[in-house]
Amino acid sequence: MRGERFIASLHDGRSVWLEGEQVHHVPEHAAFKGTLNTIKALFNMLDDPHERDKVGFLVPDKGQYAHSSFLVPYTPLELAKRSRSFAYWSAETHGMMSRLSDYARSLITAWYAARRELTVLDPHFADKITAYYEEARDRDLFLTTAIIDPQIDRSSGLDDGRISERFLHVVRETSEGIVVRGAKMIATGAPYTHDFVIFSFLQFQSRHRKHAHVLIVPANSPGLHIVCRESFADTRELNHPLSSRYDEMDAVLFFDDVLIPWERVLLYGDPEKVLSLRANKTANGLAFHQNVVRFVAKLEFITGVAFAVAEAIGVQGFLHIQEKLGELITQMDVIKALVIASEAKAVPDEAGVLVPDLQLIETARSLGTKYYPRAVEILQQVGAGGFVQTPSGIEDFYGPISELMHRYFEGASVSAEKKVELFKLAWDLIGSPLGARHQLYERFYAGDPIRGLANHYNRFDKESLTAPIWKLLKANSKGGIKTI
Ligand SMILES: Cc1cc2nc3c(=O)[nH]c(=O)nc-3n(C[C@H](O)[C@H](O)[C@H](O)COP(=O)(O)OP(=O)(O)OC[C@H]3O[C@@H](n4cnc5c(N)ncnc54)[C@H](O)[C@@H]3O)c2cc1C
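Residues numbered from 1 in each chain as written. Predicted model: local features only at pLDDT ≥ 70, side-chain atom pairs only at ≥ 80, totals over all residues. Heavy atoms only, no water.

## Side note on the overall build of the protein
The following threshold applies: For helices the rule is a DSSP run of H or I covering at least 4 residues; for strands it is a run of E covering at least 2, with both sets numbered from the N terminus onward. In this treatment the radius of gyration is a C-alpha quantity, and the globule benchmark scales as 2.2 Å times the residue count to the 0.38 power. Burial classes follow relative accessibility: with a 1.4 Å probe on protein chains only, a residue under 20% of its type's maximum area counts as buried, one over 50% as exposed, and anything between as partly exposed. Whether two residues touch is decided by their heavy atoms; if any such pair falls within 4.5 Å, the residues are in contact. Method for areas: the Shrake-Rupley scheme with a 1.4 Å probe, in which residue coverage is limited to the protein chains shown. Charged residues are defined narrowly, with Lys and Arg counted positive, Asp and Glu counted negative, and His plus the chain ends left uncounted. Lysine's charge is taken at NZ, arginine's at CZ, aspartate's at CG and glutamate's at CD.
For the protein, the helix and strand inventory stands at 18 helices and 14 strands. In terms of overall dimensions, the protein is globule-like: its C-alpha atoms have a radius of gyration of 25 Å, near the 23 Å expected for 484 residues. Across the 484 residues in the protein, those meeting the buried criterion constitute 53%. Of the contacts formed within the protein by residues at least 6 apart in sequence, a portion of 73% connects residues at least 24 apart. Carbon and sulfur atoms form 56% of the exposed surface of the protein, whose accessible area is close to 22,400 Å². Taken together, the 55 basic and 61 acidic charged side chains of the protein have centroids lying 6 Å from each other.

In C-alpha cells, the structure reads:
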C-alpha cells in the first residue's frame, strides 16, 4: 500500500530538528505520528478500488493510478475530476490540511503541461520537467514549496550583504550541479516531504543572478537542515480531535552548502526568466485552484461547528446569532460560487490546458484572508464562555463526580458528554495552538494579503471600467475631456 511505502520512505537520512534534538525516526515521533497516520490513510485511497477513482486517475500506458493533482486537464471533465479529488481529500480532513502536496504537485504538473512554451526560458526545461513530473507522479512523491526568504530586515534588500548572504544563493557551480547556501523561511510539511519546490517571491535585479533560481531539492540532501517550530500535535484525541490528527508541521530550511544536481535545477541565473516562470498563468491557475477548493471544506467545517455549538446551548433562536450564522453561510457560498465560476470560465492555454479563471481564484484567495478570521470571531461570539467551561478531560464523566458532571454539563439539545466533546472540538479549532496557527495560515499562506490586493488592482484591466465613466462625462460636458 502506498501509505505504508510513504511512511517507510521517510527513513532516508534527512536532518530534522525539533526542540534542540535531531529526530532520527520521523514517523515514530509523537510530533508527527498522528499527522502521518492521516496522510497514510489518504495515500492508501489510491490503492482502494472503491476510492481510487475519487482521488486519482489511471495513468495511460502505466496501468496504475496517480493522484489527480498530476492530471493535465484538457477537457471540462478532467478539470472537474481534479476539483472533485481536491474536494475529497479536503472533506476527509475538514480543510485542516492544506499541504497534502496536491498544491505543489499541481505546480509541477502545470510546468510539465506548459513545457514547450516554457522552453524559451531554458532549452533543457522541457526534458528536465518531463523527467521529474513522471518520477513524482509514478512514485507518489510528497512535495511542498519553500518560497519566502527569511524575515530578517524587510526594509533592506540584496545589496545589503547581511541579507544577500542569508537568502538562498549559489556559492559555486560544479560539473554535477550548483552548490547553494542560505535559508528559506517556512515550508509546511517539511519534515515528511520528499522534495521541496524552491524559488523566491522577490523580483531580483540582473546583478542578483546568484539568487535567481527554481530548484527541486530532495529533503535528505546532505547539508540541508529542517528546523521545526514547536509541535502542536496532541496525542489526547478526545481533548484535541484536530491537533491529534492534522498538525502540518512548519519548518525553516537551512542550506549549508547543498549540492543541487543539474537535472533538478529548472532555472538559474536569470531573474527575468525566474519571474516569468513564477508568473506562469497555467501553473498559478491549476495550483491556486486547489487552494480555494480546499478552503471551501474549511469554511463548511467551521460553519458546521458554529451551527452545532449554537444548537447545543440553545442560542440558535436569537436574532443576532442567526444573523451571524447567516453571515457564515454567505461566506461559504461566495467561495463555492467563485470556485464554480472559475471552472466554468476556464479557458485553454497555448498548449490546450484548461486553466481555471485566475482572477476569480485570486478573488477567492483574497476574501479567504478575511473570511476565516471572521468565522473564528463569529464562533467565539456564539459559544462565548462555553469554550472554557469545559472540564480538563472527559474522564470525570466516569469518576466519583460522574452524576454531577452529567447534570451540570448538560446542553439544550445534547447530552453533557456530547456537549463537552463538541466544545473541545470547537476550542481545538479556534483556541488551541493549532487553532491559532490556522488563523495565521489563512491570513498569510497566499502571500502578504495587503500586497496581494494591491496587485489585484495593478493587474486589473482598469480601462474597461474607467472608459464608460469618461464617455459619460464627455457626453454631459460641452467642452469634452481636457487632455493634458
Ligand atoms: C502557517 C503558515 C504556513 C506557511 N507555509 C508556507 C509554505 O509552505 N511555503 C512557503 O513558501 N511559505 C509559507 N508561508 C509563508 C507565507 O507565504 C508568508 O507568511 C507570506 O508570504 C507573508 O510573508 P512574511 O510572513 O515574510 O511577511 P512579511 O513580508 O515579513 O510582512 C510582515 C508585515 O510587513 C508588511 N510588509 C512587509 N514588506 C512590505 C512591503 N514591501 N510593502 C508593504 N508592506 C510590507 C506586510 O504587509 C506584513 O504586514 C507560510 C506562512 C504561514 C503563516
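## Some details on the pairing of strand β9 (residues 213–218)
For a regular strand, side chains alternate in direction, first toward one face of the sheet and then toward the other. Defined as follows: Strand pairing requires that DSSP identify at least two bridges connecting the strands.
Counted residue by residue, β9 has 5 buried out of 6 residues, so it is predominantly covered. Relative to β9, strand β8 (residues 195–198) is paired through 4 bridges, and the arrangement is antiparallel. Bridge pairing links Val 197 to Ile 216 in β9. Relative to strand β12 (residues 265–268), β9 is paired through 3 bridges, and the arrangement is antiparallel. Its bridge partner being in β12, Leu 215 is matched across the sheet by Val 265.

## Examining the pattern of salt bridges
The line we're drawing: The salt bridge criterion pairs a side-chain nitrogen of Lys or Arg with a carboxyl oxygen of Asp or Glu, the two atoms within 4 Å.
Scanning the entire structure with this criterion turns up 33 salt bridges. Asp 12 is the partner of Arg 14 in a salt bridge, and the nearest nitrogen-oxygen pair spans 2.9 Å. The partner of Lys 298 in a salt bridge is Glu 442, with the nearest N and O atoms 2.5 Å apart. Residue Lys 298 is found in helix α10 (residues 281–312), and its partner Glu 442 is found in helix α16 (residues 433–444); the two are separated by 144 residues along the sequence. Neither residue differs from the other here; Lys 298 and Glu 442 are each classed as buried. What emerges from the salt-bridge pattern is a single network uniting Arg 2, Arg 5, Asp 47 and Asp 140.

## Observations concerning the sheet that holds strand β5 (residues 143–146)
Paired through their backbone hydrogen bonds, the strands of a sheet run either parallel or antiparallel. As a reminder of what qualifies: The convention used is that axes are lines fitted to C-alpha atoms, helices contributing only their stretch in contact, and that angles between N-to-C directions extend from 0 to 180 degrees.
Ordered in space as β5-β8-β9-β12, the 4 strands form an open sheet in which the pairing is mixed. Where the open sheet ends on each side, the last strands, each with one partner, are β5 and β12. Strand-to-strand twist of the sheet, defined as the mean angle between neighbouring strand axes without regard to direction, takes the value 25°. Most of the contacts of helix α7 (residues 125–138) go to β12, to which it runs at about 145°, and overall it touches β5, β8, β9 and β12.

## Quick look at the site of the ligand
Note the threshold: Throughout this document, a residue counts as near a molecule or strand when at least one of its heavy atoms sits within 4 Å of that molecule or strand. Nitrogen and oxygen atoms within 3.5 Å of one another constitute a polar contact, given that in protein one can donate a hydrogen and the other can accept it, and given that sequence-neighbouring residues count only through two side-chain atoms. Just so you know the grouping, Ala, Val, Leu, Ile, Met, Phe, Trp, Tyr, Cys and Pro go in nonpolar, Asp, Glu, Lys and Arg go in charged, and all remaining residues, Gly too, go in polar.
Surveying the vicinity of the ligand reveals 20 residues, the closest of which are Ile 147, Gln 151, Arg 154, Thr 188 and Asp 448. Within the backbone of Ile 186, a nitrogen or oxygen atom sits 3.1 Å from a nitrogen atom of the ligand. One of the side-chain N or O atoms of Asp 448 is found 2.7 Å from an oxygen atom in the ligand. Compared with its free state, where it exposes 970 Å², the ligand has 73% of that area covered by protein. Listed by contribution, the elements that provide at least two residues to the shell around the ligand are β5, β7 (177–188) and α16. Class assignment for the residues of the shell around the ligand results in 10 nonpolar, 4 polar and 6 charged.

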